[in-house]
Amino acid sequence: KVMDEKEIKRLEELDKKYFLHPTSSLKQHQEKGPKFIFTEGNGVYLKDVHGDQYIDALASLWNVNIGHGRKELGEVASQQMGKLAYSSAFNNLSHEPVIRLSEKLASLTPGDLNVFFYTSGGSESNDTAFKLVRHYWKLKGLPEKKKIIGLERGYHGVTVAASSATAIRQFQEMAPGKAPDFLHAVPHKTNCELGDKNDPDYARSLRGIIEREGAETIAAVIMEPVQGAGGIHIAPEGYFEAVRQLCDEYGILMIADEVICGFGRTGQMFGVDNWNVVPDVMSMAKGITSGYIQLGAVGITERLRDDLANVSNDVLFHGFTYSGHPTACAVALKNIDILEKENLVEHTKQMESVLAKGFNYLEEKHSIVAKSRAKGLLGAFELLADRENGIQFSPDKTVAPLLVEQCFKRKLIVRPVTYGGTNIIAMSPPLVMTKEEIETMIAIFDEAIKAVK
Ligand code: PLP
């Protein structure tokens, strides 16, 4: 036990009294207090105040890519803080970590995505991307080009613009709702994006929406290579290429949201590398530091930067106090160094088939398990009431949260995603997860599924 019972109770009471949890049920919090109070992390494991060890199969929030407990990152942060913890990057001021990180990112990102703006996370990165593309078109003399089209089920964050691009209804119900000029298209309809007007979904596809709204009103499209919070939906082969082609055809910029997929998650350094597509703008966060410190980035092509610089003598009136935070940049560099030295991207690619094999085993054994999928170490399976006839559970009987509760009891942390009758179990473990650890996770699912049946 890490802490005595009295102290644990006291912490739980203080949590209930003073902490407003992000994206959490406040009612459940007031009734039951915090679910876990963690004290330590090591590799794929998290330990709580009771001394219980859990497999963190979500890498906490899809972000602890290099795994927990890497002392080197703390050492780098400490060295950088001792030298220059913070200095501003406004007004063309600079420092070594931000310069070195930008050079490093340029070597990793595809094509001429070689210029980087920094933020403190994914939502800020997406808001920045939206402002940059709108600014770009305005400077090009096309101020009406300001609409942003995302995909249904897409998640892009919670700031006002990012939550407007997000298509998960609950996030938009939070005041002030959806901002104007954000639209959503039906995801992954490659045939429609290639021009198949006979498809009943055509009008809801990106191409259908662009034709309806007029390309002269649209600044950019944004999409995740694999939709994460919406339930792990992998873009089908050919889809990203079709969208790239569509954007080029209509003069629309393409933003790839690599907040989850970036830095190895899908078995490639970036999600778009699965399809050899170069977006115009790429937003990043999470895996850039594996969550050891807050950092996000927005990559733009050299072409875009040159255009912005050519048409404008103005100041770029956009910047956060922590844009290019020296300590965060130093930690990111070390994190990327570990990803590379330990071949974690390649390892992740290898582990995809182990995860898929585990899912197949679960499908064979349990008639409620269906539609499993994995890209690198980003995976999910669904739960169906009647798999043979493709019948979902009724929306008032959400089974995914029940299964996740059973997983928690067996010391495995995963995430339920439910909408309508759809019940998805999502996972995104640290990229250091071994074959044996994946097998342990599958064995826990096996037991947990039996317990909910
Ligand atoms: N974009 C994607 C694809 C995400 O998954 C997330 C967070 O989960 C975000 C953006 C928002 O990032 P943040 O929570 O760091 O603001």
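Residues numbered from 1 in each chain as written. Predicted model: local features only at pLDDT ≥ 70, side-chain atom pairs only at ≥ 80, totals over all residues.

**Student:** Would you mind going over the sheet that holds strand S16 (residues 415–419) with me for this structure?
**Tutor:** What links the strands of a sheet is backbone hydrogen bonding, and the strands pair in either a parallel or an antiparallel sense. As summarised here, the arrangement of the 4 strands in space is S13-S14-S17-S16, forming an open sheet in which the pairing is antiparallel. Either end of the sheet is taken by a strand with one partner, and the two such strands are strand S13 (369–375) and S16. This sheet shows a mean twist of 20° between the axes of neighbouring strands, independent of strand direction. As paired elements, strand S14 (residues 378–383) and strand S17 (residues 422–427) share 4 bridges and run antiparallel to each other. (Pairing = 2+ DSSP bridges. Helix = DSSP H or I, 4+ residues; strand = E, 2+ residues; numbered from the N terminus. Axes fitted to C-alpha atoms, helices over the stretch in contact; angles between N-to-C directions.)

**Student:** I would appreciate a short explanation of the environment of asparagine 310 in the present structure.
**Tutor:** Residue position: asparagine 310 is located in helix H12 (residues 302–311). C-alpha separation for the pair asparagine 310 and leucine 139, spaced 171 residues apart in sequence, amounts to 9.4 Å.

**Student:** It is not clear to me how the packing of helix H15 (residues 400–409) against helix H16 (residues 435–452) should be interpreted in this structure. Could you clarify?
**Tutor:** To describe two helices that pack against each other, one gives the angle between their axes and the distance between the axes. Across the interface, H15 lies against H16 with an axial gap of 9 Å and an inter-helix angle of 125°. Taken as axis vectors, H15 and H16 run oblique relative to one another. In this structure, H15 crosses over H16, and the sense of that crossing is right-handed. Contacts between H15 and H16 involve Leu402, Leu403, Gln406 and Cys407 from the first element and Ile444, Ala448, Ile449, Ala451 and Val452 from the second. (Parallel < 35°, antiparallel > 145°, perpendicular 65-115°, else oblique. Left-handed = near helix turned anticlockwise from the far one by under 90°. Contact = placed C-beta atoms within 7 Å.)

**Student:** I would appreciate a short explanation of the sheet that holds strand S3 (residues 53–56) in the present structure.
**Tutor:** Taking strand neighbours across the sheet as the criterion, the 4 strands line up as S1-S2-S3-S15 in an open arrangement whose pairing is mixed. Strands at the two margins of the open sheet, each flanked by one partner only, are strand S1 (38–42) and strand S15 (412–413). Taken together, the 4 bridges between S1 and strand S2 (residues 45–48) define a ladder with antiparallel strand orientation. Paired with asparagine 42 across the bridge in S2 is tyrosine 45.

**Student:** Looking at this structure, how should I read the site of the ligand?
**Tutor:** Of all residues adjacent to the ligand, which total 14 residues, the nearest are Gly121, Gly122, Ser123, Gly157 and Val259. When residues of the shell around the ligand are assigned to their parent elements, the largest contribution, 3 residues, is made by helix H6 (residues 122–139). When its residues are assigned to classes, the shell around the ligand shows 5 nonpolar, 7 polar and 2 charged. (Near = placed C-beta within 6 Å. Nonpolar A, V, L, I, M, F, W, Y, C, P; charged D, E, K, R; others polar.)

**Student:** What's the story with helix H5 (residues 96–108) in this structure? I'm lost.
**Tutor:** One full turn of an α-helix is made of 3.6 residues, so residues set three or four places apart face in the same direction. Over its 13 residues, H5 runs 19 Å from end to end, which matches the ideal 18 Å to within 8%, given 1.5 Å per residue. Every buried residue of H5 is listed here: Pro97, Val98, Leu101, Ser102 and Leu105. Around the axis of H5, the buried residues are gathered within 130° of arc, so they sit on the same side. Residues of H5 that are exposed and point over 90 degrees away from its buried face: Ile99, Glu103 and Ser107. Looking at the buried positions of H5, the neighbouring elements they touch are helix H4 (71–84), strand S4 (113–119), strand S12 (296–301) and helix H13 (326–341). (Expected span 1.5 Å × (residues − 1). Buried ≥ 20, exposed ≤ 12 C-beta atoms within 10 Å, placed from the backbone. Arc of directions from axis to C-beta.)

**Student:** Looking at this structure, how should I read the pairing of S14?
**Tutor:** Note on strand geometry: in a regular strand, side chains alternate between the two faces of the sheet. Among the 6 residues of S14, 6 are classified as buried, and the element is accordingly described as predominantly covered. Residues Leu378, Ala380 and Glu382 point to one face of S14 and Gly379, Phe381 and Leu383 to the other, with burial holding for every one of them. Relative to S14, S13 runs antiparallel, the two sharing 5 bridges. Bridge assignment links lysine 375 to a residue of S14, and that residue is leucine 378. Hairpin remark: S13 followed by S14, antiparallel, with 2 residues in the connecting loop; positive phi at glycine 376, about 60°.

**Student:** Looking at this structure, I do not really get unusual backbone geometry. What am I missing?
**Tutor:** With the exception of glycine, the majority of residues adopt a negative phi angle, and the majority of peptide bonds are in the trans configuration. Positive phi values are uncommon outside glycine, yet asparagine 92 reaches one of about 65°. Within the secondary structure layout, asparagine 92 lies in the loop between H4 and H5. For asparagine 343, which is not a glycine, the phi torsion comes out positive at approximately 50°. Turning to its location among the elements, asparagine 343 is positioned in the loop between H13 and helix H14 (344–365).

**Student:** Honestly, the pairing of S4 in this entry has me stumped. Any pointers?
**Tutor:** For S4, the tally of buried residues reaches 6 of 7 residues, placing the bulk of the element in the interior. Relative to S12, S4 runs antiparallel, the two being bridged by 6 bridges. If you follow phenylalanine 117 over to S12, its bridge partner there is valine 298.

**Student:** I'm lost on the domain arrangement of the protein in this one. Help?
**Tutor:** Accessible area lost on assembly of the parts is the figure often given for the size of an interface. Along its sequence, the protein is carved into domain 1 (36–66 + 344–452) and domain 2 (72–341). A C-alpha centroid distance of 27 Å is found between domain 1 and domain 2. Residue-level contacts link 24 residues of domain 1 with 20 residues of domain 2. Of all the secondary-structure elements, those providing two or more residues to the side of domain 1 that touches domain 2 are helix H3 (59–62), H14, S13, S14 and S17. With 5 residues, the top contributor of residues to the side of domain 1 that touches domain 2 is H14. (Domains from an automatic or database assignment.)

**Student:** Just checking my understanding: could you explain the packing of H14 against H16 for this structure?
**Tutor:** For the pair H14 and H16, the least separation of the axes is 10 Å and the interaxial angle reads 20°. Comparing the axis directions of H14 and H16 gives the class roughly parallel. Seen from above, H14 lies across H16 with right-handed handedness. Touching Met351, Val354, Leu355, Gly358, Tyr361, Leu362 and Lys365 of H14 are Lys435, Ile438, Glu439, Ile442, Phe445, Asp446 and Ile449, all from H16. Tallied by class, the residues present in the contact of H14 with H16 amount to 9 nonpolar, 1 polar and 4 charged.

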